[in-house]
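# Breakdown of the fold
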Amino acid sequence: MSQHDLTVPLSSEFILPTNADVHASNHDKPNDPCTYLCGNSLGPISKVSERLVQEELHAWRTRAVEGHFDHPFGRPWTKITDPVHTLMAEVVGAKEQEVACMGTLTANLHLMMTSFYNPTSERYKILCEAKAFPSDQYAFASQVMSHGYDPKDAVIEVSPREGEYALREEDILEIIAKEGPSIAVVLFSGVQYYTGQWFPMESITRKAKEQGCICGWDLAHAVGNVPISLHDWDVDFAVWCTYKYLNSGPGGIAGLFMHEKWNDKQLIKQAGWWGHHLSTRFAMPPTFEPIRGAQGFQQSNPSALTVAALLGSLQVYKAAGMMGPLRERSLKLTAALEKLLHQSKYYVPLRDVKEKYPAGNSGPPGFTIITPEDPNSRGAQLSLLFLPTGSEVMRQVFKSLNGNGVIGDKREPDVIRLAPAPLYSTIKQCEDAAYYMEKAFAEIV
Ligand SMILES: *Cc1c(COP(=O)(O)O)cnc(C)c1O
């Protein structure tokens, strides 16, 4: 199938919940797939993932402990992450030795901070975007506190200008230049979970390096969504989850990246046996000899079920041609959804919001889009801000959308995020979302 034909899914591998499954009681076709625009939060299951997980259950049932070395499907559990490393490296633009499939996003973030956040009295701050995903905020605050610093002083957040939602590149670079000597780590999310803004990763990384800072990235909403070249961009470390655009399933196993230039540096490592060389791991030697590169950070034997689910979804990703064709299709789908939403009677361009809603929290029901209009500054997701802010409009629209089988996700108080994912979304789903939005508004005005 061609990535250009938006009327059919790019991959026939995915199984979306039906309208009946999601209790879309107003939809007249209960057995049709629902309008799933929530892959930014949790990707749907692919048939390959389902099959590979079944195979692992079978391996467990028929081999039990022997499955670590002798596996009916050729994936002995001691090496089950090998094919994942190959594919994951390709997704994030890294060498295989620079990535590890392990743990969970927040835990990996702490691990990387333990190695890379080494504050001194001059250089102790962390720079991030304002309103980062809460887990990241908690992680940054607890990291600086563990070194005896006060988050109010040691965590610097870059905020949008008055009346704006996206950050301007020049503002980010200016803060790095100005505060550089006091910043230990610059750590933004690649794509912002709330606004959908794709930050200029390469130029932020370059500026951070110029200032002698460590530069890390949280790729939760970026991986599988936008093209990434961690190695070439000279990023120090990165972490990500795989259950969003990479469709690995709820709580799926996560990933981390460490640039190879760090391989021979002495880093504090919270070591575990899975980071020890496979050749002697099972001889159980008392001294830790880490695998060279990112995989030396592995701590525990990974959950075979979650690795299998991820491997399946990465195979689907690979079969679809990886990021090149996916991004091309993603640009078209998101532009199409944006265009349809712009045609709504209730749409208010962001630049007109102030004038139309001078009091802020009163005025007619409507919505604007806070995600940047420039396709180079966003991935698949559009974030809709409902107006007037602080009213019931967002919740009313969300409820109506759900009743008609449109699954996005809401972020209190006023935002609904819709993300057409290039692997399984179609133009029809964008049209349905826009149609049911209009219907939702008609119900409340
Ligand atoms: C989804 C997301 C998380 C979730 O963290 P887990 O450890 O996987 O539960 C954290 N940070 C960001 C930026 C996210 O988008």
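Residues numbered from 1 in each chain as written. Predicted model: local features only at pLDDT ≥ 70, side-chain atom pairs only at ≥ 80, totals over all residues. Heavy atoms only, no water.

### A closer look at the packing of aromatic side chains
Stated precisely, the cut-off is as follows: Classification of ring pairs rests on two measures: the distance between centres of Phe, Tyr or Trp rings, Trp counted by its six-membered ring, which must be within 6.5 Å, and the angle between planes, read as stacked under 30 degrees, edge-to-face over 60 and tilted in between. The way it works is that DSSP assigns letters per residue, a run of H or I at least four long becomes a helix, a run of E at least two long becomes a strand, and they are numbered from the N terminus.
Taken as a whole and judged by the stated rule, the model has 19 aromatic pairs. For the pair Phe 188 and Trp 217, a centre-to-centre distance of 6.3 Å together with 45° between the ring planes defines the contact as tilted. Of the two residues, Phe 188 is situated in strand β7 (residues 183-189) and Trp 217 in strand β8 (residues 214-218); the sequence distance between them amounts to 29 residues. Taken together, the ring pairs in this structure connect Tyr 346, Tyr 347, Phe 367, Phe 386 and Phe 441 into an aromatic cluster.

### Thoughts on the UniProt feature "modified residue: N6-(pyridoxal phosphate)lysine" (unreviewed entry) in the protein chain
Quick reminder of the rule: UniProt positions are given in the numbering used here, feature names are shortened, and annotations may be inferred rather than shown by experiment. The contact criterion used throughout is that any non-hydrogen atoms of two residues lie within 4.5 Å.
The UniProt record annotates "modified residue: N6-(pyridoxal phosphate)lysine" (unreviewed entry) at Lys 244. If we skip the residues at most four places from it in the chain, Lys 244 touches Gly 39, Asn 40, Ser 41, Leu 42, Gly 43, Ala 220 and His 221.

### Description of the site of the ligand
Put simply, the rule reads: Here a residue is considered near a molecule or strand provided that any single heavy atom belonging to it is located within 4 Å of it. Between N or O atoms, a polar contact is any pair within 3.5 Å; within protein, one atom must be a potential hydrogen donor and the other a potential acceptor, and residues adjacent in sequence are included only when both atoms are from side chains. Note on areas: Shrake-Rupley with a 1.4 Å probe; residue coverage comes only from the protein chains shown. Ten residue types, Ala, Val, Leu, Ile, Met, Phe, Trp, Tyr, Cys and Pro, are classed as nonpolar, four, Asp, Glu, Lys and Arg, as charged, and the remainder, Gly among them, as polar.
In the vicinity of the ligand, the contacting residues are Leu 105, Thr 106, Phe 133, Asp 136, Asp 218, Ala 220, His 221, Tyr 243 and Lys 244. Side-chain polar atom of Asp 136 to a nitrogen atom of the ligand: 2.7 Å apart, as the coordinates give it. Within the side chain of Lys 244, a nitrogen or oxygen atom sits 2.6 Å from an oxygen atom of the ligand. Protein chains bury 83% of the 390 Å² of accessible surface belonging to the ligand in isolation. Residue classes in the shell around the ligand are distributed as four nonpolar, two polar and three charged.

### Points about the side chain of His 71
Relative to the helices and strands, His 71 is located in the loop between α1 (47-63) and α2 (82-92). A polar atom in the side chain of His 71 sits 3.2 Å from the backbone nitrogen of Arg 75. Each residue touching His 71, except ones within four places of it in the same chain, is listed here: Glu 56, Ala 59, Arg 63, Pro 76 and Trp 77.

### Re the nonpolar core
What counts is decided by this rule: Residues grouped as a nonpolar core are buried Ala, Val, Leu, Ile, Met, Phe, Trp, Tyr and Cys residues, joined through side-chain atoms within 4.5 Å. We call a residue buried when its accessible area falls under 20% of the maximum for its residue type, exposed when it is over 50%, and partly exposed in between, using a 1.4 Å probe and counting protein chains only. Domains are outlined according to an automatic or database domain assignment.
If you look at the biggest cluster of nonpolar residues, it comprises 68 residues, and the most contacted ones within it are Phe 188, Trp 217, Leu 219 and Trp 240. Shared between two domains, this core holds at least three residues of each, these being domain 1 (14-33 + 323-444) and domain 2 (53-319). With near-sequence residues (within four places) excluded, Leu 219 lies in contact with Val 92, Gly 190, Met 201, Ile 228, Leu 230, Ala 238, Val 239 and Trp 240. One finds Leu 105, Met 113, Ile 126 and Cys 241 within the second-largest nonpolar core, a separate group that totals 31 residues.

### Points about the packing of helix α6 (residues 169-179) against helix α7 (residues 201-210)
Geometrically, a packed helix pair is captured by the angle between its two axes and the distance between the axes. So the rule is basically this: For every element, the axis is a line fit to its C-alpha atoms; helices are fit only across the contacting stretch, and the angle between N-to-C directions ranges from 0 to 180 degrees. Any angle from 65 to 115 degrees is called roughly perpendicular, while one under 35 is roughly parallel, one over 145 is roughly antiparallel, and all others are oblique. In this scheme, a crossing is called left-handed if the near helix is turned counterclockwise away from the far one by less than a right angle; it is called right-handed if the turn is clockwise.
Viewed as axis vectors pointing N to C, α6 and α7 meet at an angle of 15°, and their least axial separation amounts to 9 Å. Between α6 and α7, the crossing angle belongs to the class labelled roughly parallel. Where α6 crosses over α7, the two elements pack in a sense that is right-handed. Packed against α6, whose contacting residues are Glu 169, Ile 172, Leu 173 and Ile 176, the element α7 presents Ser 203, Ile 204, Lys 207 and Ala 208 at the interface. Grouping the amino acids of the contact of α6 with α7 by side-chain chemistry returns five nonpolar, one polar and two charged.

### Some details on the packing of helix α10 (residues 323-342) against helix α13 (residues 427-444)
One way to put it is that α10 packs onto α13 with a least axis distance of 9 Å and a crossing angle of 25°. In terms of their interaxial angle, α10 and α13 are classed as roughly parallel. Crossing geometry of α10 relative to α13 is assigned as right-handed. Judged by residue contacts, Leu 333, Ala 336, Leu 337, Leu 340 and Leu 341 of α10 engage Ile 427, Cys 430, Glu 431, Ala 433, Ala 434 and Met 437 from α13.

### Some details on the state of the cysteines
Condition: A pair of cysteine sulfur atoms is labelled a disulfide when the two atoms are within 2.5 Å.
This structure, assessed with the given rule, holds zero disulfides. Free cysteine Cys 38: the closest other cysteine sulfur is in Cys 34, separated by 9.5 Å.

### As for α6
The α-helix advances 3.6 residues per turn, and as a result positions three or four apart in sequence lie on the same side. All of the buried residues along α6 are Asp 171, Ile 172, Leu 173 and Ile 176. Along its buried surface, α6 packs onto β5 (125-129), β6 (155-158), β7 and α7.

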